[in-house]
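What the coordinates show
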Amino acid sequence: MKVVKLTVLLLIFLLGGKFASAQKSTRLTENWEFVKQDLGGVWEAVRPVGAGNPESVPLWEKVTLPHCFNARDAVNPDVNYYQGPGWYRTQLEVQNPYTNGRTLLHFEGAGQKTEVYINTTKVGSHVGGYDEWTIDITQAVADFQKTEAFQKQFKGKIPLSIRSDNSRDLEMMPSDLSDFNLYGGLYRYLNMVHVPAISLERVMAKAEVDPTGKQGRLSIKAAFQEPAQGGETQVQVRVLDPKGKQVGKHQANYAVKAGEQDLHTFQLKTPQLWSPEKPQLYTVQVTVKSGADTFVQTEKIGFRHIEFVEKGPFKLNGQRLLLRGTHRHEDHAGVAAAMTEPMIRQEMRMMKEMGVNFIRLGHYQQSRIVLQQCDSLGIVVWEEIPWCRGGLGGKIYQEQGRRMLTNMIQQHYNHPSVIIWGLGNENDWPGDFPEFDKEKIRTYMKELNALSHQLDPARYTAIRRCDFCKDIVDVYSPSIWAGWYRGVYTDYKEVSEKEFQGVKRFLHVEWGGDSHAGRHSENPDNALAKISSAQRADERAGDASLFGGSARVSKDGDWSESYLCNLVDWHLKEQETMPWLSGTAYWPFKDFSTPVRPDNPVPYMNQKGVVERDFTKKEAYYVFQSYWTTKPMVHIYGHSWPVRWGNEGEQKMVKVYSNCEQAELLVNGKSYGVKKRNSQDFPAAGLHWTVPFVAGQNQVKVVARQGKQTVQDEISFRYQTQKWGKPTRLTLEKISEANGLTTVEAKLFDAQGVQCLDAANWVHFSLAGAGKLHDDLGTSSGSSKVQAYNGRAIIRLEAQAGKTTVSAQSPDLETVLLTL
């Protein structure tokens with residue numbers, strides 16, 4: 001088969017439960033076939049097939065890995081996403097270069113249950129969609145190579161078939177009540193790895209440093225790949241500093257046996273410390289000699305001292321560090337969980353460029369690539385197991401939790417970015433089982449807490465939103481959604497301080513609100529008038545719903561980017577005045593799909609991200625930049641707001657987000673003065689002006705200065721003074737064409753022909769004839785069914801001149817057609 005080969009110097013960084021890295025590793029990305037259903041058995045994947053014969057069904061499609069079989073249907077507005085089995089098959093060329101070496105299949109993650117076959121022989125299985133795992137196929141390959149089918153039917157190749165299954169299962173984590181999809185498929189990389197007869201399963205490097213940074217200690221343990229061979233082998237350990245200079249070396253013979261064993265402990269004076277500003281990484285290189293073969297494994301590690309002060313802030317290397325964080329789900333437009341390495345790298349860079357120094361990986365162990373990026377970019381990590389919602393299952397369920405916690409800690413132990421192991425999320429949310437017993441949940445939480453500290457005494461444990469377990473873990477995050485699910489955003493500081501007093505160590509993860517990208521408001525805070533300031537601002541059962549219950553912005557607000565920017569702005573300016581605060585994490589960085597929100601403006605999307613599902617930045621991204629970054633930046637609010645409205649001569653607010661000392665605003669060529677930035681002057685840290693616009697087109701420009709550096713930004717928009725009534729007419733027109741894609745826009749007008757700029761009607765796009773809609777992407781411009789933003793909605797498509805017709809429908813309005 002055609003493969004993408006990785007060039008490895010000593011080895012690639014692959015560490016996983018039941019797996020170790022090796023010099024000969026290949027990503028299996030090409031020449032796969034897939035069928036989105038079950039088979040009668042594995043024989044149907046490998047039996048001889050004549051073209052057109054009955055044996056050729058079901059029909060297989062060609063795919064590349066990583067691949068998620070919910071790439072489109074997760075956000076299809078008209079269906080429930082597929083939960084069931086799917087099959088993958090390919091043929092391998094297996095040529096192990098080592099004498100008596102072994103061939104392994106290393107899965108970086110597959111959802112949610114997986115069975116693996118060589119020809120018709122089942123060689124292994126795994127339960128759990130997020131941890132790494134490995135299967136030894138050496139014997140199965142050798143056995144198949146002795147068969148007639150190996151030469152005649154498969155022409156010297158090895159048939160590999162994999163059954164992936166994300167069927168609903170109450171005895172599995174996470175719960176299907178969770179606010180994210182439980183994806184199916186081989187959605188992370190799959191590697192074929194050749195190792196010598198003696199190799200390592202894992203290396204665990206514990207890097208410690210005292211608070212002053214003067215004395216470093218590095219303890220190295222390793223476990224041999226099972227089955228243990230017996231006897232002794234030579235092992236060499238080298239330590240290289242961030243510039244590649246050797247600073248430590250040890251060599252000795254060790255017994256080849258099962259289990260972890262200590263290799264060596266190094267003492268390093270004044271090691272270079274890892275931090276968000278300078279993420280200094282050392283290299284640990286472990287070499288194992290076995291006859292003429294050599295196995296090498298390298299790990300990147302970092303020296304840093306972490307401390308969550310009791311009743312106080314977080315300290316890194318003895319200094320307070322305010323954790324400025326966000327969250328990540330493994331989800332992206334068009335591919336769902338099957339994000340490629342370039343996509344992951346781009347996402348992590350965007351976070352860093354926004355000013356993030358902390359990330360909570362919700363709500364499961366994530367790709368090794370994410371952790372490697374956090375190490376190299378300097379982003380501190382809370383990573384957790386997927387015990388999320390639903391309650392507590394039985395023995396099988398609880399064993400999965402223990403296993404996934406063990407795998408997560410062992411597989412990501414060496415990453416200096418990780419400071420917290422998360423044990424659960426919203427475990428106070430019942431629904432999956434007839435019984436909801438708080439004491440049993442507490443007992444299990446205590447067990448996980450003890451297991452985490454046993455496996456890794458150096459890191460903290462944490463949970464979010466389960467008040468009856470908050471005394472068990474080291475760090476606790478209550479649910480505080482001031483200004484969204486409860487209360488108003490000005491409650492935030494008071495509520496946080498009250499929650500801070502009730503726990504030993506407080507860290508606030510998950511805050512924010514939804515925004516429909518492209519929707520803006522002249523009066524975004526109007527909804528707050530309906531909402532009373534609550535004693536507490538935490539989310540209650542049912543508050544996430546768009547129906548019923550008490551007044552709240554999530555139900556009664558306009559879901560505009562304008563409101564979200566104000567909410568974020570208020571939270572960030574308050575965080576600067578909370579010296580006891582360890583930090584927070586905005587929920588989430590990017591919009592992601594969820595089966596429990598079918599009625600959102602983009603159906604089946606959680607729209608709380610500061611970027612859309614395709615990396616398109618929303619306005620809130622720049623609010624964070626203005627508080628969290630130092631490289632001079634400036635951004636006028638409203639780049640995606642083509643039409644503003646109001647009375648003629650009315651004073652309208654212009655907001656500018658910048659981290660510069662001062663900025664000057666010009667509207668239609670006239671200066672409206674220079675303002676100095678003051679983070680406590682809400683909104684926009686004092687960089688807000690009230691100015692008149694002229695009816696028709698307006699040009700707004702800002703010039704910001706930081707010392708001798710100057711940055712600027714400008715936008716243009718139309719100002720509408722005509723008033724409008726109820727939408728009575730829908731229009732559809734082509735507005736652009738680029739890169740082979742045509743963009744069409746639907747608009748809503750009243751009976752007088754005035755555009756209804758606050759209209760939020762549903763718009764449903766469809767296509768007839770040649771061409772293809774770019775829908776099911778989970779974005780405001782990539783959904784066939786979407787709520788209008790300011791009386792308009794767009795979608796992109798592939799069209800053929802004269803052969804493509806697009807339609808737009810909206811309830812109670814006449815359908816419109818456009819032939820391209």
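By convention here, each chain's residues receive numbers from 1 onward along its written sequence. The model is predicted, so local features are restricted to residues of pLDDT at least 70 and side-chain atom pairs to those at 80 or more, both for listing and for counting; the totals for chains, interfaces and linings are taken over all residues. For the side-chain quantities, the full set of heavy atoms in the structure was used; hydrogens and water were omitted.

Observations concerning the overall build of the protein chain
Check the secondary structure of the protein chain and you find eleven helices and 49 strands. Expected size for 820 residues packed as a compact globule is a radius of gyration near 28 Å; at 28 Å, the protein chain falls within 12% of this value. Dimensions along the principal axes, computed over C-alpha positions, put the protein chain at roughly 90 × 75 × 55 Å. Of all 820 residues assigned to the protein chain, the portion counted as buried reaches 61%. Considering only contacts in the protein chain between residues 6 or more positions apart, those separated by 24 or more positions represent 71%. For the protein chain, the exposed surface amounts to about 30,900 Å²; the carbon and sulfur share of it is 48%. Charge assignment: positive for Lys and Arg, negative for Asp and Glu; neither His nor the chain ends contribute. Charged groups are reduced to one reference atom each: NZ for lysine, CZ for arginine, CG for aspartic acid, CD for glutamic acid. Within the protein chain, the 93 negative side-chain charges are centred at a point lying 5 Å from the centre of the 97 positive side-chain charges. Here a strand is any run of E in DSSP of at least two residues, a helix any run of H or I of at least four, and the numbering for each starts at the N terminus. The atom set for the radius of gyration is the C-alpha atoms, and the globule formula is 2.2 Å times the number of residues raised to the power 0.38. Three labels apply to residues, based on accessible area from a 1.4 Å probe with only protein chains included: buried if under 20% of the type maximum, exposed if over 50%, partly exposed otherwise in between. In what follows, residue pairs with any heavy atoms lying within 4.5 Å of each other are defined as contacts. For every accessible area listed, the method is Shrake-Rupley and the probe measures 1.4 Å; residues are considered covered only by the protein chains on display.

Concerning unusual backbone geometry
Put simply, L65 and P66 share a cis peptide bond, and its omega is 0 degrees. Tracing the sequence through the fold places P66 in the loop between β6 (61-63) and β7 (85-92). Residues M173 and P174 are joined by a peptide bond in cis, for which omega reads -5 degrees. The residue P174 is located in the loop between β12 (158-165) and β13 (190-195) in this model. A positive phi angle is found at N317, which is not glycine, with a value near 55 degrees. Mapped onto the fold, N317 is located in the loop between β22 (314-316) and β23 (319-320). Using a relative accessible area of 16% as the deciding quantity, one classes N317 as buried.

With respect to the state of the cysteines
Defined by distance alone, a disulfide is two cysteine sulfur atoms within 2.5 Å. The full count for this structure, using the stated rule, is zero disulfides. Looking at C565, it has no disulfide partner, and the nearest cysteine sulfur is the one in C660, 18 Å off. Note on C565: relative accessible area 0%, which makes it buried.

Things to note about the sheet that holds strand β40 (residues 696-706)
In space, the five strands of this open sheet follow the order β35-β41-β40-β37-β38, with mixed pairing throughout. Looking at strand neighbours, the two that pair on one side only are β35 (643-645) and β38 (670-676), the edges of this open sheet. For this sheet, the mean inter-axis angle between neighbouring strands, taken without regard to orientation, is 30 degrees. Note: β40 against strand β41 (residues 709-720), eleven bridges, orientation antiparallel. Residue pairing in the sheet places Q697 in a bridge with R718 of β41. In this scheme, strands are said to pair when DSSP sees at least two bridges between them. What counts as an axis is a line fitted to C-alpha atoms, over the stretch in contact for a helix, and the angles between N-to-C directions run from 0 to 180 degrees.

With respect to the environment of P279
Looking at the secondary structure, you find P279 in the loop between β18 (260-269) and β19 (282-290). Under the relative-accessibility criterion, P279 is labelled partly exposed at 22%. Considering only alpha carbons, one finds P279 and F303, 24 residues apart in sequence, at a separation of 9.5 Å. Those residues in contact with P279 that sit more than four places away from it in its chain are W274, D375, S376, L377 and G378.

Digging into the nonpolar core
Here, nonpolar core means buried Ala, Val, Leu, Ile, Met, Phe, Trp, Tyr and Cys residues that are tied together by side-chain atoms lying within 4.5 Å of each other. Ranked by internal contacts, the top residues of the largest apolar core, which has 107 residues, are W387, V568 and F624. The contact partners of V568, leaving out residues within four places of it in the chain, are W511, Y586, V623 and F624. Listed in part, the 36 residues of the second largest apolar core include Y88, Y117, V141 and I158.

Some words on the pairing of β41
Inspection of the sheet shows β35 paired to β41 by three bridges, in the parallel sense. Residue pairing in the sheet places W645 in a bridge with Q720 of β41. Hairpin geometry of β40 and β41 is characterised by an intervening segment of two residues between the two adjacent antiparallel strands and by a positive phi of about 60 degrees at G707.

Let's talk about the pattern of salt bridges
Just to be clear on terms, a salt bridge is a Lys or Arg side-chain nitrogen sitting within 4 Å of an Asp or Glu carboxyl oxygen. In the structure shown here, the tally under the stated rule is 45 salt bridges. Across the salt bridge formed by R163 and D38, the nearest N and O atoms sit 2.8 Å from each other. Within this pair, whereas R163 is found in strand β12, its partner D38 is found in the loop between β5 (32-35) and α1 (43-46), the two being separated by 125 residues in sequence. Note on R163: relative accessible area 17%, which makes it buried. On the basis of relative accessibility, which here comes to 32%, the residue D38 falls in the partly exposed class. Bridged by salt links that share partners, the residues R360, E384, R389, E426, R464 and E510 form one connected network.

Re helix α5 (residues 368-377)
Of all ten residues in α5, seven are buried, a share of seventy percent or more. Every buried residue belonging to α5 is among R368, I369, V370, L371, Q373, C374 and D375, and all of these are buried. Its side-chain oxygen placed 3.0 Å from the backbone nitrogen of I369, S367 serves as the N-cap of α5. Downstream of α5 by a residue or two, G378 has a phi angle that is positive, lying close to 85 degrees. Definition of a polar contact: a pair of N or O atoms within 3.5 Å, with one able to donate and the other able to accept a hydrogen when the atoms are protein atoms, and with sequence-neighbouring residues admitted only if both atoms are side-chain atoms.

A look at the packing of aromatic side chains
Any pair of Phe, Tyr and Trp rings, taking the six-membered ring for Trp, is counted once the centres come within 6.5 Å. Such a pair is stacked with planes under 30 degrees apart, edge-to-face with planes over 60 apart, and tilted for the rest. Tallied over the full model, the rule gives 37 aromatic pairs. A ring pair is formed by W511 and Y586, whose centres lie 5.0 Å apart and whose planes are at 90 degrees; its orientation type is edge-to-face. Of the two residues, W511 sits in the loop between β30 (508-509) and α9 (553-556) while Y586 sits in strand β31 (residues 583-586), which places them 75 residues apart along the sequence. No difference in accessibility class separates W511 from Y586, as the two residues are buried. These aromatic residues form a ring-pair network of at least three members: W484, Y489, W559, Y563, W570 and F682. Above the ring of W429, the side-chain terminus of R389 is found at 3.5 Å from the ring centroid. Comment: the charge-over-ring label is applied if NZ (Lys) or CZ (Arg) is within 6 Å of the ring centre and within 35 degrees of the ring normal. The aromatic ring of Y413 is capped on one face by R459, whose charged end is 5.7 Å from the ring centroid.

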